[in-house]
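Residues per chain, in single letters:
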Amino acid sequence: MRRGLRSKIVGLVIAGSFAGCSCESAPTGDAGVPRDAFSLVDAGPSRDAYSVDDAYSVDDAFSVDDAFSVDASAVEDAPWPFDANGCVPHAEGCNGIDDDCDGTVDDGDLCASGLRCLGGSCRTGGAASWISVLPNSEARAVAVDSAGRIDVVGCLHGAVTLAGHAFTATGASDSFALQLAADGSHLWAQRYGGDTGSLAECANAVAVWRDDDRLAIVGDFGGSVTFGELGSGDVVTSTGALDSYAIALGNNGILVWERLFSNGATGEVSMSAAVFDAMGNVYVGGRASQRVQPSGDVQSVMDAAGDGFVYLLHRDDGVADGVATRYTSAGADGVTALAFSTTDLLTVGFAGGAMDFGAGPVAFGGGASDAFVVVSPRSDTPRGRLLGGAADDRAYAAAFAYASRLVVGGSFAEAADFGGGVRHRRGTSQETFLTAESTADLTWSWDRETGTANDDRVRAIVADGAAGVYVGGVETVPFVRHYDSEGALVWERTFGDSGVGVGVQGLAVAPDGTLIVVGVMNGTITEGTITAIGPGAFVAAIHD
């Protein structure tokens, strides 16, 4: 009776626990060779995974004989259900499991029309409500104000019409600022271009202070340029090979103030980051060689190879305090992105050698550069960390993601350790990396490494308003991914085809939770009734 009972229990296990499961390991006895697929007979007194004697008394609990009848010999003689890898293949379903044991999770057409298998369920995550393409242009950054208006900045490389105005770049490129309504319609636009034809001028970053929806924009320029409303404002002239600017704009793009950052007759300044603090003051950052001097303020001396810097500009007039926060090493350094929490400033970039963030030098990984991340509390010593290996590794994006963590992304080459062990590149160029750190001590929480055989990098990160983050960049084609708080992928999508300069460059979350994506695309995107054709800058509204 006991042998027959066990055979019947096995039949219950096969019908209940294993049906629909995948890639379960084949069971064996404690000290012997099993006689059938789920043998419960051991060579000694020990019990195996399927022994029911110690778990409960089946005889007392219920009668399996009365429930159904299973032929013990049928179980003994049943074909071995596992494949060569110890898996039980089943039809693939959208459930986060590799059901068919082919090495890929949730592969195939598993959902109804209009839905995607995302994060183990059929969802519309990553679907676009609208996509707009701006020809002959490049979108580099985006911010969304309290009313859901979308502010995009970047470069014009030719002729393009923005908000009803026909603009044409006077040189290799000019800067532009464009505001759109929540439905993608154009509200206003400005162009900022110098008269030096050989320079590539671009607006590189934009931030919004949602208390009054003021904008801060930073970028690079050469020659003479007019900052104002459609060319009717102040004319300023660069003093170096390439200078930078920071401007504040009010309602309808009206200029509030401008600040120039000069580097002398032969030097260069490149501004790449901007963020508001809680009081409406503006932090701006970038890199410079030789020196950097905001107009009317005291200069800060830089190394010839180039140093990273951050200035704090007053909200009302843009006046700097005259002293830059300087990030310097034995090699080339630069600040690429800034973020601000209620108390801390987060700065990321790249370092060409060991760097001292305030608590002593931090060891350098070698190669051309390491990514760096530093958190600067208002009343405490900055905490900094270098990330990378013996190659060219850089951070390009960062965000305070949730309660006690920050998330940093960028690119690395060859091999690098971001906290969770050594990661190796898959192709011959840059790979993307993403790492989550504690704001308290910069200890590693999780990291992700992805990439293709091409030049890949993370360019934008924004918190999703809950516990996760959206991440954008390029891996052969422009991409956006949504990760939860533990780094698990929720959904991902791409925009168009591969091409020169393509990639997601900026992300922002609107008050209603809509994700706004900007960058450069190539080819054609077709989504429902939406068709967007590149090449050019694109702006897209995405929903979870």
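Computed from a predicted structure; not experimentally measured. (Residues numbered from 1 in each chain as written. Predicted model: local features only at pLDDT ≥ 70, side-chain atom pairs only at ≥ 80, totals over all residues. Heavy atoms only, no water.)

**Q** Talk me through the pairing of strand E35 (residues 469-475); I want residue IDs and the actual numbers.
**A** Where burial is concerned, most of E35 is hidden: seven out of the seven residues are buried. Side-chain alternation along E35 places Val469, Val471, Gly473 and Glu475 on one buried face and Tyr470, Gly472 and Val474 on a second face that is also buried. Note that strand E34 (residues 457-463) and E35 share six bridges and pair antiparallel. Paired with alanine 460 across the two strands is glycine 472, which belongs to E35. Here E35 pairs with strand E36 (residues 477-483) via seven bridges, running antiparallel. Looking at the pairing, valine 474 lines up with proline 478 of E36. Between E35 and E36, which pair antiparallel in sequence order, lie one residue; one of them, threonine 476, sits at a positive phi of approximately 70 degrees. (Buried < 20%, exposed > 50% of the residue type's maximum accessible area, 1.4 Å probe, protein only. Helix = DSSP H or I, 4+ residues; strand = E, 2+ residues; numbered from the N terminus. Pairing = 2+ DSSP bridges.)

**Q** Which residues make up the sheet that holds strand E39 (residues 515-521), and what values do they have?
**A** Paired through their backbone hydrogen bonds, the strands of a sheet run either parallel or antiparallel. Spatially, E3-E42-E39-E38 is the arrangement adopted by the four strands of the open sheet, whose pairing is antiparallel. Each end of this open sheet is capped by a strand with a single partner; those strands are strand E3 (127-134) and strand E38 (503-509). Neighbour-to-neighbour, the strand axes of this sheet turn through a mean angle of 20 degrees, independent of strand direction. Sheet analysis places E39 next to strand E42 (residues 536-543), joined by seven bridges and oriented antiparallel. From the neighbouring strand, valine 517 faces E42, where its bridge partner is alanine 540. (Axes fitted to C-alpha atoms, helices over the stretch in contact; angles between N-to-C directions.)

**Q** Please set out the pattern of salt bridges residue by residue, giving values where relevant.
**A** With the rule as written, the count across this model stands at 16 salt bridges. Taking the shortest distance from any N to any O, the salt bridge between aspartate 316 and arginine 315 comes out at 3.3 Å. According to the relative accessible area criterion, aspartate 316 is partly exposed, its value standing at 48%. Given a relative accessible area of 23%, arginine 315 falls into the partly exposed group. In this structure, aspartate 380 engages arginine 383 in a salt bridge whose closest nitrogen and oxygen atoms are separated by 3.8 Å. For aspartate 380, a relative accessible area of 47% puts it in the partly exposed group. Where salt bridges share partners, they join Asp212, Arg214, Arg315 and Asp316 into one cluster. (Salt bridge = Lys/Arg side-chain N within 4 Å of Asp/Glu carboxyl O.)

**Q** Run through the side chain of aspartate 99, naming residues and quoting values.
**A** On the secondary structure map, aspartate 99 appears in the loop between helix H4 (72-77) and strand E1 (116-118). The exposure class assigned to aspartate 99 is buried, which follows from its relative accessible area of 2%.

**Q** How would you explain the side chain of asparagine 281 if you had to name every residue and give the values?
**A** By the secondary structure assignment, asparagine 281 is in the loop between strand E16 (269-276) and strand E17 (282-288). Those residues in contact with asparagine 281, other than ones at most four positions away along the chain, are Val275, Phe276, Leu312, Leu313, His314 and Arg315. (Contact = heavy atoms within 4.5 Å.)

**Q** Provide a residue-level description of the state of the cysteines, including the pertinent values.
**A** Inspection of the entire model under this criterion finds one disulfide. Here cysteine 155 is linked by a disulfide to cysteine 202, with a sulfur-sulfur distance of 1.7 Å. Residues cysteine 155 and cysteine 202 are joined through a disulfide that is left-handed, its torsion about the S-S bond being -80 degrees. Note that cysteine 155 is positioned in strand E5 (residues 150-156) and cysteine 202 in strand E10 (residues 202-209), a separation of 47 residues in sequence. Each member of the pair cysteine 155 and cysteine 202 is classed as buried. (Disulfide = S-S within 2.5 Å.)

**Q** Describe the pairing of strand E28 (residues 394-402), and please don't skip the residues or the numbers.
**A** Within a regular strand, side chains alternate between the sheet's two faces. Burial of E28 is extensive: eight of the nine residues sit out of reach of the surface. Bridge count between E28 and strand E29 (residues 405-412): seven bridges; the pairing is antiparallel. Bridging across to E29, phenylalanine 400 finds its partner in leucine 406.

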